[in-house]
Amino acid sequence: MRDKVFSLKEVYFSYLGRFPALCGIDAEILSGQKVAVVGANGSGKSTFLSLLDGLIFADKGEVRFLGRELNGRAFSDDNFLRDFRRKVGFVFQNPEVQLFCPTIKEDILFGPLQLGLDKAKTESCLERVSEMLGIGGLFERSPHQLSIGEKRKAALASVLVMDPEVLILDEPTAGLDPSTSRNIIDLLLDESSAGKTVVISTHDLHVVEEVAEEVYVLGQDRRVASCGKMRDILSDAALLAANNLTHIHSHRHGALSHTHSHLHCEQKGCRDGGLNKKG
Ligand SMILES: Nc1ncnc2c1ncn2[C@@H]1O[C@H](COP(=O)(O)OP(=O)(O)OP(=O)(O)O)[C@@H](O)[C@H]1O
Ligand SMILES: [Mg+2]
């Protein structure tokens, strides 16, 4: 039986005690699983992932990592902290949070250095990751000189180079060109084939289809609106529409316009989400 990497029971979290972000979340993520967290803007995806990474702690309910509750006490134990940071890698939605050294190479090597990881292994990992992401030419540049997409790639590299068992990535392909997105998806699939646990958040249902086996949909009430197998979630037009995950096309023909939703898996036998004409 696969280990429960994360389990969340009735988890509540509010920012500053005033701004509710998650209101009673239950979830279970097993070792080696590929999980996507989707939902509208502000539905709590980043908050959910931050709880998994121990960046914030539940106000109520519990979050457990391999059976151990993630709270202030766990993280004040140096052995646990070290072991957790070695095993779990987190890529922020905003890559700027992750880049603070004078050069990108120093940024990428910061984590392995802090954790005292094997130099030869780090070098070979760095070579592979930088080739996949095409960032070798950025090593001597300063983070503030880079485009957003380049920063995102560098932030991803700084986590992948540590070779963590669990990868948590907040919108890993947002703002990236199609070819780089492709490389990142391939990279995540490789990591998963190597037995790693992969948890991402995204609005991109194409990424969900390729990367995820399990999907959590966070609702605008900040609870889990649905969770299940990727194929079941992606073929539920009503669920996707209710959670702002359906693309709406609008066509104007002179004074007439019509809109229609574009189902992600339209070509794969799903029913369209409807047609609406305006005169
Ligand atoms: N630092 C903060 N202080 C106060 N409220 C916050 C803070 N960060 C997030 N929130 C609020 O918590 C809720 C959930 O935010 P979160 O960033 O987790 O959503 P999200 O699903 O990741 O959104 P997006 O798709 O825009 O990235 C939102 O209502 C947001 O306004
Ligand atoms: Mg977010």
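First things first, this report covers the structure right here in the doc. (Residues numbered from 1 in each chain as written. Chains lettered and ligands numbered in written order. Predicted model: local features only at pLDDT ≥ 70, side-chain atom pairs only at ≥ 80, totals over all residues. Heavy atoms only, no water.)

### Quick notes on the overall build of the protein
- Of the regular secondary structure elements, the protein holds 10 helices and 13 strands.
- Relative to its length of 279 residues, the protein is compact, with a C-alpha radius of gyration of 20 Å against a globular reference of 19 Å.
- In terms of overall dimensions, the protein has C-alpha extents of about 65 × 45 × 40 Å along its principal axes.
- Here the protein holds 279 residues, and the buried ones make up 49% of them.
- Per element, the accessible surface of the protein, about 13700 Å² overall, is 50% carbon and sulfur. (Helix = DSSP H or I, 4+ residues; strand = E, 2+ residues; numbered from the N terminus. Rg over C-alpha atoms; globule rule 2.2 N^0.38 Å. Buried < 20%, exposed > 50% of the residue type's maximum accessible area, 1.4 Å probe, protein only. Areas by Shrake-Rupley, 256 points an atom, 1.4 Å probe, with all protein chains shown as cover.)

### Considerations on the coordination of the magnesium ion (ligand 2)
- For the magnesium ion (ligand 2), the full set of protein donor atoms is Ser-46 (OG) and Gln-93 (OE1), at a range of 2.0 to 2.1 Å. Residue Ser-46 is found in helix α1 (residues 45-52), and its partner Gln-93 is found in the loop between β6 (88-91) and α4 (104-114); the two are separated by 47 residues along the sequence.
- In this structure Gln-93 comes out as partly exposed when scored by relative accessible area, which is 35%. (Donors = N, O, S within 2.8 Å, 3.2 Å for Na, K, Ca; no water.)

### Some remarks on the pairing of strand β3 (residues 34-39)
- Among the six residues of β3, five are classified as buried, and the element is accordingly described as predominantly covered.
- With four bridges connecting them, β3 and strand β8 (residues 197-201) associate as parallel partners. Note on β8: the bridge partner recorded for Val-35 is Val-199.
- Here five bridges tie β3 to strand β9 (residues 214-218), and the two strands are oriented parallel to one another. Counted as the bridge partner of Val-38 is Val-217 from β9. (Pairing = 2+ DSSP bridges.)

### Section: the packing of aromatic side chains
- Taken as a whole and assessed by the stated rule, the structure comprises 10 aromatic pairs.
- Relative to Phe-65, the ring of Phe-6 has its centre 5.5 Å away and its plane inclined at 50°; by these criteria the two rings are tilted. With Phe-6 in strand β1 (residues 4-15) and Phe-65 in strand β4 (residues 60-65), this residue pair connects regions lying 59 residues apart in the sequence.
- Under the relative-accessibility criterion, Phe-6 is labelled buried at 0%. (Phe/Tyr/Trp six-rings, centres within 6.5 Å; stacked < 30°, edge-to-face > 60°.)

### Here's the deal with the site of ligand 1
- As a structural note, the neighbourhood of ligand 1 is formed by 15 residues, with Gly-42, Lys-45, Ser-46, Thr-47 and Arg-222 the closest of them.
- At a separation of 3.2 Å, an oxygen atom of ligand 1 approaches a polar backbone atom of Ser-43.
- Backbone polar atom of Ser-46 to an oxygen atom of ligand 1: 2.9 Å apart, as the coordinates give it.
- Protein contacts shield 66% of the accessible area of ligand 1, which totals 630 Å² for the unbound molecule.
- When contributions to the shell around ligand 1 are tallied by element, the ones reaching two or more residues are β2 (19-30) and α1.
- Among the elements that line the shell around ligand 1, the one with the most residues is α1, at three residues. (Near = heavy atom within 4 Å. Polar contact = N/O pair within 3.5 Å; in protein donor to acceptor, adjacent residues only side chain to side chain.)

### Notes on the nonpolar core
- Core analysis: the biggest nonpolar cluster contains 45 residues, and Ile-108, Leu-133, Leu-169, Leu-188, Ile-200, Val-208 and Val-215 have the highest contact counts within it.
- The biggest single contributor to this core is helix α6 (residues 148-160), with six residues.
- Of all hydrophobic cores here, the second largest spans 31 residues; its members include Val-5, Phe-6, Leu-22 and Leu-51. (Core = buried A, V, L, I, M, F, W, Y, C linked by side-chain atoms within 4.5 Å.)

### Observations concerning the sheet that holds strand β10 (residues 224-229)
- Taken in spatial order, the six strands line up as β6-β7-β8-β3-β9-β10 in an open sheet, and their pairing is mixed. Taken across any chain shown, the strands that pair with only one partner, and hence form the sheet edges, are β6 and β10. Here the average twist between neighbouring strands, direction ignored, is 15°. (Axes fitted to C-alpha atoms, helices over the stretch in contact; angles between N-to-C directions.)

### Describing the sheet that holds β1
- Read across the open sheet, the four strands follow the order β2-β1-β4-β5; overall the sheet is antiparallel. Edge positions in the sheet fall to β2 and β5 (68-69), since each of these pairs with one other strand and no more.
- Pairing analysis gives nine bridges linking β1 to β2, with the strands arranged antiparallel. Within the sheet, the bridge partner assigned to Tyr-12 lies in β2 and is Cys-23.

### Things to note about the packing of α4 against α6
- The geometry of α4 relative to α6 is characterised by a closest axis approach of 7 Å and an angle of 30° between their N-to-C directions. Judged on the interaxial angle alone, α6 and α4 are roughly parallel. Regarding α4 and α6, the two cross each other, and that crossing is right-handed. On the side of α4, the interface is formed by Ile-104, Asp-107 and Ile-108, while α6 contributes Ala-154, Ala-157 and Ser-158. (Parallel < 35°, antiparallel > 145°, perpendicular 65-115°, else oblique. Left-handed = near helix turned anticlockwise from the far one by under 90°. Contact = heavy atoms within 4.5 Å.)

### With respect to the pairing of strand β7 (residues 166-170)
- The element β7 is largely enclosed, with a buried count of five among its five residues.
- Burial of the side chains of β7 extends over both faces: Val-166, Ile-168 and Asp-170 are buried on one face and Leu-167 and Leu-169 on the other.
- Taken together, the four bridges between β6 and β7 define a ladder with parallel strand orientation. Among the inter-strand pairings, Phe-90 is bridged to a residue of β7, identified as Ile-168.
- Two strands pair when backbone bridges link them, and β7 and β8 are joined in this way by five bridges, in the parallel orientation. Its bridge partner being in β8, Ile-168 is matched across the sheet by Val-199.

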